[in-house]
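# Coordinate analysis (summary)
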Number of protein chains: 2
Amino acid sequence: MKARLLRGAAIIGVGMTPVTSGSGKSLTQLFVEAATQAIEDSGVSSIDSIYVGNMMSGFLQNQEHLGALMATAMGREGVASYKVEGACASGGVAANAGVKAVLSGLEGVVLVGAVEKMSGYTTPQVTSGLMMAEDKARVAGTGVTFVGLNAMIARQYMHRYNVPHEALAGFSVLCHENALDNPRAQFHKKITVEDVLQSPLVADPLRLFDCSGIGDGAAALVLTSLENARKFTDSPVTIAASVVATDRISLYQRPDITTFEASRKAAAQAYQTAGVSPDDIDVLEVHDAFSVLGIMALEDLGFASKGSGAQLVKDGTCARDGRLPTNTFGGLKARGHPVGASGMYELGELALQLSNRAAKCQVPEASVGLAQSVGGIGTTITVHILKRSDQ
Amino acid sequence: MKARLLRGAAIIGVGMTPVTSGSGKSLTQLFVEAATQAIEDSGVSSIDSIYVGNMMSGFLQNQEHLGALMATAMGREGVASYKVEGACASGGVAANAGVKAVLSGLEGVVLVGAVEKMSGYTTPQVTSGLMMAEDKARVAGTGVTFVGLNAMIARQYMHRYNVPHEALAGFSVLCHENALDNPRAQFHKKITVEDVLQSPLVADPLRLFDCSGIGDGAAALVLTSLENARKFTDSPVTIAASVVATDRISLYQRPDITTFEASRKAAAQAYQTAGVSPDDIDVLEVHDAFSVLGIMALEDLGFASKGSGAQLVKDGTCARDGRLPTNTFGGLKARGHPVGASGMYELGELALQLSNRAAKCQVPEASVGLAQSVGGIGTTITVHILKRSDQ
C-alpha cells in the first residue's frame, strides 16, 4: 500500500544555483533563482504550496519566516508556505514534506526548495551554526567542533576496520573528478590522494580535502502526482520512497559510531517501500560532508560490508562509468555543501540523471537512483529512491 | 474530495504545559512534558513521526535540529522527526504538516507539538527574535519593532472604522476573564477596560494590556486516521480542515493593513473544505497577540463586518455563555503566547472543548470549532476547523 501511494508522486521540474562562496547573493535571491528555474523547467503556471528547507537562517541571517519571505519574493504570496528544518538534512526533510503534501491529496502542485548561505560570516560563526545540530546543553558547549566530532568517527573507523586514510581520501578524489563536468560545482579542481593527505590538518585525522567547504546555494523541485505529471512532461521522475529516520541526537549516546543506525533504518524502509534492493540502484548520491561519511554511506545503505566501502571507490565501482555511479555531480565535497540545501541538490541531480538531462555528468541507462542526506552527526537521515517513470 | 480526505484525520490526545515566565525549564523539558501528556492521553504506545513547531530556537537558544533533539529526549529516537516553522504560526503549520502526514497514508500515528522559550532573555533579544518574522533586509533594520508594526495597524483601524480604544480593550478583558478558569494560563488576573486604558503605553496606541506577554510553553497533539482513532477513544475530534495561506511578508507591501487577506483566504478555503459556514462555528480560538488582532480576526473570519468586530465582544456574543465563545481558555493575551507554540495551544484547547473535557472552561454543546493562528504581521495564517466525531 505504501509503495502504491508513493508511486503517486513525481518530479517534473528541477532548478539549482551554482554553489559558490562569496557571490554576495542573499538567501532570498538564491532561493528565488532555483525556484524560478524549477518552475520554468516544469512548465506549470500555478503552484499550491512551497516548502523551504534551511538550517541556519535564524542564527546567521537573523531571519525566520522563510516560507512567506520566499513566496513573496517569488511573487506568489498567498500560497501555503513554510520552513522545514532537519539540520544538514533540511533539504531532504523539505522534500519529504512536499511528498506528503502531494500524497495527502490536499495540494496538486508543490514546490520544494532548500537554501543555505554560509559565506560572508566568520569561521567561528559558521562553526557555531553547525553545532546547532548537536545538543546545545550537553555537547555544543564543550568546545568540540562539528569537524571534531566527525574526526572522532574517522579515527575510530580507520582503527576498527584497519582502513588507511588513503582509502577514505579516494572518496574526495572521486567527487572532485566528477565535479569537473558540473558547471554548478563549487570546486573545479582535480585532486589526487596525495593532495588529500598533504592538505592542512583540520581535525585529526581529517584534512582540508577530506572536508566539504563553506558555500551558498539553493535547489528546488516541482512535485505533483504522477497522473498530473504526465500533462507536463513525457519523462517525469517518480518518487518511489521518501523516508526520514532519526538517531540519538548526540554522538556520545551511540553504541557504535562507525555506522549510522538511522541510515540503515531509513534505507531498509525505503527499499521495502520502493520494492527494490541495493542491487537495483543505478546511480547514487550520498552525504559526503567528510570523506569518511561517503565511505560509511556505501556500507550503511547496503552496497558494501562494514569496513569495505572504500574498495568500491578504489575498484572503480563508484565511478560514473562503473556499476554504481556515486556523487555524479561532485557530491558535497566538490559540488559544494550549503548545508540545508545539499539534500535538495542530490534529488535534483538524481532527477536529471533519470531523465537523461545530466549533460556531461550523465551516466548510461540509469533507471533507479537513491539519495541519502544526513543531518547532524548521522542523526537525521533521509533516503529517497527515484525511478524513471517507465519503470 | 478534499472534505472527504480531511474527515480522515483526528485528534486522539492532547498535552499542554502551563504557560509561565521564568520557570527555568528548558526548551526540551517543556516539549517533552507536553508530548508525554499527549501520548498518555491518547493511549497509543508507538508513534511513527514527530513534527516540532518552533520559531526562535536558532536565534535565542542557538539550537536547531529540534526534531531529533525532542525525539531523543522522549526516548523515541529512530522515528521520523523534524522542525516546522512559520513564525508565530509555527504551531499551526506543524499541525498542518502532521495532518498531511496522516492523510498521505505514510504515517499511522503522528505527534505534532510546538514549543517556545522566551523568558530568561533580555527584552532587546526577544524583540529582535520577533522581528525575524519580518523581512530582515527591508524592515527589521529600520528600528520599528514588532509591537510598533501592530500599533500602526491599531491606529489605522481605529481611525478608519471610528472604533475607540475602549472597544479594542474589551478583547483583553474577555481573555483575562476566561483565563481565570484555566489552570495553565499565564495570567490569572481579572482586568477592566479602564485597566487596559491606564496601563503603560508600549507603542502608541497599544498599551501593556493590549499586548500578550512573554512566556514559555509547549503543546502537543496525537493525530491518526479517524478509522484508527476509534480504537483509542470513543470521542476523537475530527480535523475537518487544515489550511495555510500567506500574504506579502511585509506590512508596507499591503494595500490595506486593517484586514488580513491571508486570514480571509484561509478561512474561505477552510469553510469550503469542512462544508460549514461561520454560522456553524460553536467555539472559536483566534490569535490575539494584540487586542486589535482579536477584533480583526472576528471580522476576517466572517463573524462580523469590517469595523464591527468589537461589537461581538461588547454584546456578550464572544463570552463563554454567548453564541460564539471565543478564546475560551484565555487566548494569547491571558493563557499566554509562547509564540511558536500558541497555534498548537489553540488546537489543544479546541479539542478539549469538542470532547467535553474543558473543565471549568467548558462551553455548552460545542460541535464545531475554528482555530486561527497568525505568523508575522498577518503574513502566515493557519485556519483549522475541528468537529466532534459524531458530526
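Residues numbered from 1 in each chain as written. Chains lettered and ligands numbered in written order. Predicted model: local features only at pLDDT ≥ 70, side-chain atom pairs only at ≥ 80, totals over all residues. Heavy atoms only, no water.

This part takes up the packing of aromatic side chains. Residue and element names in this part refer to chain B. In total, this model carries six aromatic pairs over all chains according to the counting rule given. Centre to centre, the rings of Y157 and Y161 are 5.2 Å apart; their planes meet at 55 degrees, and the pair counts as tilted. Residue Y157 and its partner Y161 are both found in helix α8 (residues 146-161); the two are separated by four residues, about one turn of the helix. (Phe/Tyr/Trp six-rings, centres within 6.5 Å; stacked < 30°, edge-to-face > 60°. Helix = DSSP H or I, 4+ residues; strand = E, 2+ residues; numbered from the N terminus.)

The next thing to look at is the state of the cysteines. All names here are of chain A. Scanning the entire structure with this criterion turns up zero disulfides over all chains. The thiol of C88 is unpaired, and the distance to the nearest cysteine sulfur, on C211, comes to 13 Å. Just so you know, C361 is unpaired, no disulfide at all, and the nearest cysteine sulfur is the one on C175, 12 Å from it. (Disulfide = S-S within 2.5 Å.)

Each copy of the chain is related to the other by a rotation around an axis and a translation along that axis. Least-squares fitting of chain A to chain B yields an RMSD of 0.0 Å, with the transformation described by 0.0 Å of translation along the axis and a rotation of 180 degrees. In symmetry terms, the pair is related by a two-fold rotation axis. For chain A, the minimum C-alpha distance to the rotation axis belongs to S104 of chain A and amounts to 2.0 Å. The overlap is high: 100% of the interface residues of chain A also sit at the interface in chain B, so the same surface is used on both sides. (Least-squares fit on C-alpha atoms with pLDDT ≥ 70 in both. Contact = heavy atoms within 4.5 Å.)

Bringing the interface of chain A and chain B into the picture now. Facing the 56 residues of chain A at the interface are 56 residues of chain B. Across the interface of chain A and chain B, roughly 4500 Å² is buried in total on both sides, 58% from carbon and sulfur atoms. Among the residues of chain A in contact with chain B, H65, Y82 and L106 of chain A are the three that bury the most area, contributing 17% of the side total. Inspection of the region where chain A meets chain B yields four salt bridges. (Buried area = accessible area lost by both parts, 1.4 Å probe. Salt bridge = Lys/Arg side-chain N within 4 Å of Asp/Glu carboxyl O.)

All names here are of chain A. Packing of helix α8 (residues 146-161) against helix α13 (residues 291-300) leaves a shortest axis separation of 10 Å and a crossing angle of 60 degrees. Judged by the inter-axis angle, α8 sits oblique to α13. Along this stretch, α8 crosses α13, giving a crossing that reads as left-handed. Here N150, I153, A154 and Y157 of α8 come into contact with α13, specifically with V292, L293, I295, M296 and E299. Here the contact of α8 with α13 is built from residues that sort into seven nonpolar, one polar and one charged. (Axes fitted to C-alpha atoms, helices over the stretch in contact; angles between N-to-C directions. Parallel < 35°, antiparallel > 145°, perpendicular 65-115°, else oblique. Left-handed = near helix turned anticlockwise from the far one by under 90°. Nonpolar A, V, L, I, M, F, W, Y, C, P; charged D, E, K, R; others polar.)

With that settled, the discussion passes to the environment of Q362 of chain A. All names here are of chain A. Note that Q362 resides in the loop between α16 (342-354) and β10 (368-375). When its relative accessible area of 22% is taken as the criterion, Q362 is described as partly exposed. Polar side-chain contacts of Q362 include one of 3.0 Å to the backbone oxygen of Q353. A distance of 2.9 Å separates the side chain of Q362 from the backbone nitrogen of A358, its partner in a polar contact. (Buried < 20%, exposed > 50% of the residue type's maximum accessible area, 1.4 Å probe, protein only. Polar contact = N/O pair within 3.5 Å; in protein donor to acceptor, adjacent residues only side chain to side chain.)

Turning our eyes to something else, we now look at the pairing of β10 of chain A. Residue and element names in this part refer to chain A. In terms of burial, β10 is largely enclosed, as eight of its eight residues are buried. By the alternation rule, side chains of β10 split into V368, L370, Q372 and V374 and G369, A371, S373 and G375, which are all buried. As defined by bridge partners, strand β9 (residues 283-285) adjoins β10 across three bridges and the pair is classed as parallel. When the bridges of β10 are listed, E285 appears paired with A371. Relative to strand β11 (residues 380-388), β10 runs antiparallel, the two sharing eight bridges. In the strand pairing of β11, L370 is matched with I385. Hairpin connection, β10 to β11: the antiparallel pair is bridged by four residues, and G376 has positive phi, about 70 degrees. (Pairing = 2+ DSSP bridges.)

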